[in-house]
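Fold and geometry: a report
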Amino acid sequence: MTTVTRQPKAATDVVRAVISEHAPANRVREFDEAERFDHELFHALAHAGLLSGALDDSGKLSHAHQAAVLTELAAGPTSMAVAFVVQYMAVQLLSAHGTPAQKDAHLAPLLAGDVHASFALSEPDGGTDVARAMKTTATRLPDGSYSISGRKRWIGGAMDCGYMLLLARTTEIGTSAIGGITTFIVPRSTPGIETREIDTMGIRSLAQTDIFLDDVRVPAANVLGEPDRGFRQVIGTLNGERLNAAAVALGIARGAFDVALDWAKSREAFGRPIGAFQALQHSLVDARLKIESAVLLLERAVRAAEAGDPSGDVDSALAKLAASEAATFTTDAGMRLMGGWGYARELPMQRYFRDARLYTFAPLTDEMIRNYLGEKMLGLPRSY
Ligand SMILES: Cc1cc2nc3c(=O)[nH]c(=O)nc-3n(C[C@H](O)[C@H](O)[C@H](O)COP(=O)(O)OP(=O)(O)OC[C@H]3O[C@@H](n4cnc5c(N)ncnc54)[C@H](O)[C@@H]3O)c2cc1C
């Protein structure tokens, strides 16, 4: 297998090659049905350099690389794209905020795919207003270590990760809810951690997990960077998170579109391919328009992020919204166009339809993205 270069086009080609060898459509369907994570595929992708390509030798993250890999993965084995989002997030947090010792210990295994990381922020009482809803606490003990107790919800891949980057409240909530929260590197094997799998409608090849933490002890060396800065560290990753969410949603839209177009050309009714009917042509054109628009917005947002342009935050929010809408529109149009066959679990349209829903609310809901754009793009008062 060729090792990826840092050119997005090359990354795209490498993902395609790995998918064609390790994740043909029938295997993706089997893993979705069995609700199993495809470890073999994960390792093949990592071995091909698709994780390590996200970070260059000077420690700079390539958003273009991540977007190219995620779009391509999402168009095929979509759950793997979501797993990669989490892994890239861990790389981003560790490379930006880790101490030299933490970077030495954790970055290389993450980038090689030898260790899976999970990112544990959301809680049962809320993912949107998560800082205010956070009840998980970490208490500093006399020996300087911490005891963490509480509960996390919706944590992707936490059943069998190596460790979690987990946020907990270390200081009583003050005037600003986002202060007083710390990120901890918590090995999954630490005593006091229990997990329960949550049955979800989509992204079924990556288990979502409830995590129960009861007096989980971690040393002070496992605080990521500085204490009480955790939420601010996460806010610093938001631009990248929006870009990566946009890339996955776009990939889902593209995967569904390709299936729908093939179906429109080959399925017949009234002696003609169904794609000859104007109603279906229009829905395919509308889907393609949303996809092309999202592609352009994502490219613009990636360029802005790579250039460190401050307008990049608005661009990435626009791209996330456009891609999420392209995905929900295209998968809905695809279901209609395929009639009963869209409903059949042996064909992929229903999976795209289920998977696409994730990006209407993760990592930020589309409502919150609109709130953000109302304020930052239109200059209106903050609405929340
Ligand atoms: C498959 C899956 C994987 C996930 N992976 C992870 C993970 O790995 N790590 C992690 O930490 N989390 C993860 N999440 C959690 C995800 O980030 C949250 O679900 C998301 O942030 C939304 O939070 P919520 O579900 O609690 O919705 P809520 O916060 O309860 O929101 C409910 C509704 O209220 C709306 N709302 C709230 N405030 C406003 C406002 N001011 N204006 C307008 N509307 C508003 C929201 O937009 C939404 O429509 C995952 C979730 C799922 C389902």
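Note that the coordinates shown come from a computational prediction; the quantities given were computed from them, not determined experimentally. (Residues numbered from 1 in each chain as written. Predicted model: local features only at pLDDT ≥ 70, side-chain atom pairs only at ≥ 80, totals over all residues. Heavy atoms only, no water.)

1. Quick look at helix H4 (residues 63-75)
A rise of 1.5 Å per residue sets the reference length of H4, with its 13 residues, at 18 Å; its end C-alpha atoms lie 18 Å apart and thus fit the reference within 8%. For H4, the buried fraction is high: 13 of the 13 residues fall into the buried class. (Helix = DSSP H or I, 4+ residues; strand = E, 2+ residues; numbered from the N terminus. Expected span 1.5 Å × (residues − 1). Buried < 20%, exposed > 50% of the residue type's maximum accessible area, 1.4 Å probe, protein only.)

2. Topic: the pairing of strand S1 (residues 117-120)
Neither face of S1 is left uncovered, since the one carrying Ala-117 and Phe-119 and the one carrying Ser-118 and Ala-120 both have all their residues buried. Of the pairings in the sheet, the one linking S1 to strand S4 (residues 163-169) comprises 4 bridges and is parallel in character. Within S4, the residue paired with Ala-117 across the bridge is Tyr-163. (Pairing = 2+ DSSP bridges.)

3. Examining the UniProt feature "domain: Acyl-CoA dehydrogenase/oxidase C-terminal" (unreviewed entry) in the chain
Taking the numbering used here, the UniProt-annotated feature "domain: Acyl-CoA dehydrogenase/oxidase C-terminal" (unreviewed entry) corresponds to residues 228-377. Regarding residues 228-377, the helix share stands at 76% and the strand share at 3%, and the terminal C-alpha atoms are separated by 30 Å. (UniProt positions renumbered as here; feature names shortened; annotations may be inferred.)

4. Examining the site of the ligand
Close to the ligand lie 18 residues; Ser-122, Gly-127, Thr-128, Trp-154 and Thr-365 are nearest. Backbone polar atom of Pro-363 to an oxygen atom of the ligand: 3.4 Å apart, as the coordinates give it. At 2.8 Å, a side-chain N or O of Glu-367 approaches an oxygen atom of the ligand. Relative to its unbound accessible area of 980 Å², the ligand is 68% covered by the protein chains. Among the secondary structure elements, those contributing two or more residues to the shell around the ligand are strand S3 (146-156) and helix H14 (366-376). In terms of residue class, the shell around the ligand is built from 9 nonpolar, 8 polar and 1 charged. A domain-level breakdown of the shell around the ligand finds at least three residues from each of domain 2 (118-228) and domain 3 (237-376). (Near = heavy atom within 4 Å. Polar contact = N/O pair within 3.5 Å; in protein donor to acceptor, adjacent residues only side chain to side chain. Areas by Shrake-Rupley, 256 points an atom, 1.4 Å probe, with all protein chains shown as cover. Nonpolar A, V, L, I, M, F, W, Y, C, P; charged D, E, K, R; others polar. Domains from an automatic or database assignment.)

5. Observations concerning the packing of helix H9 (residues 238-266) against helix H11 (residues 312-337)
The geometry of H9 relative to H11 is characterised by a closest axis approach of 7 Å and an angle of 25° between their N-to-C directions. In this view, H9 runs roughly parallel relative to H11, as classed from their interaxial angle. For the crossing formed where H9 meets H11, the hand is left-handed. (Axes fitted to C-alpha atoms, helices over the stretch in contact; angles between N-to-C directions. Parallel < 35°, antiparallel > 145°, perpendicular 65-115°, else oblique. Left-handed = near helix turned anticlockwise from the far one by under 90°.)

6. Section: the domain arrangement of the chain
In terms of domain boundaries, the chain breaks down into domain 1 (8-115), domain 2 (118-228) and domain 3 (237-376). Distance between the C-alpha centres of domain 2 and domain 3: 31 Å. On the side of domain 3, 7 residues touch domain 2, which itself brings 5 residues to the contact. The junction of domain 2 with domain 3 conceals about 520 Å² of combined surface from both sides, 69% of it contributed by carbon and sulfur atoms. (Contact = heavy atoms within 4.5 Å. Buried area = accessible area lost by both parts, 1.4 Å probe.)

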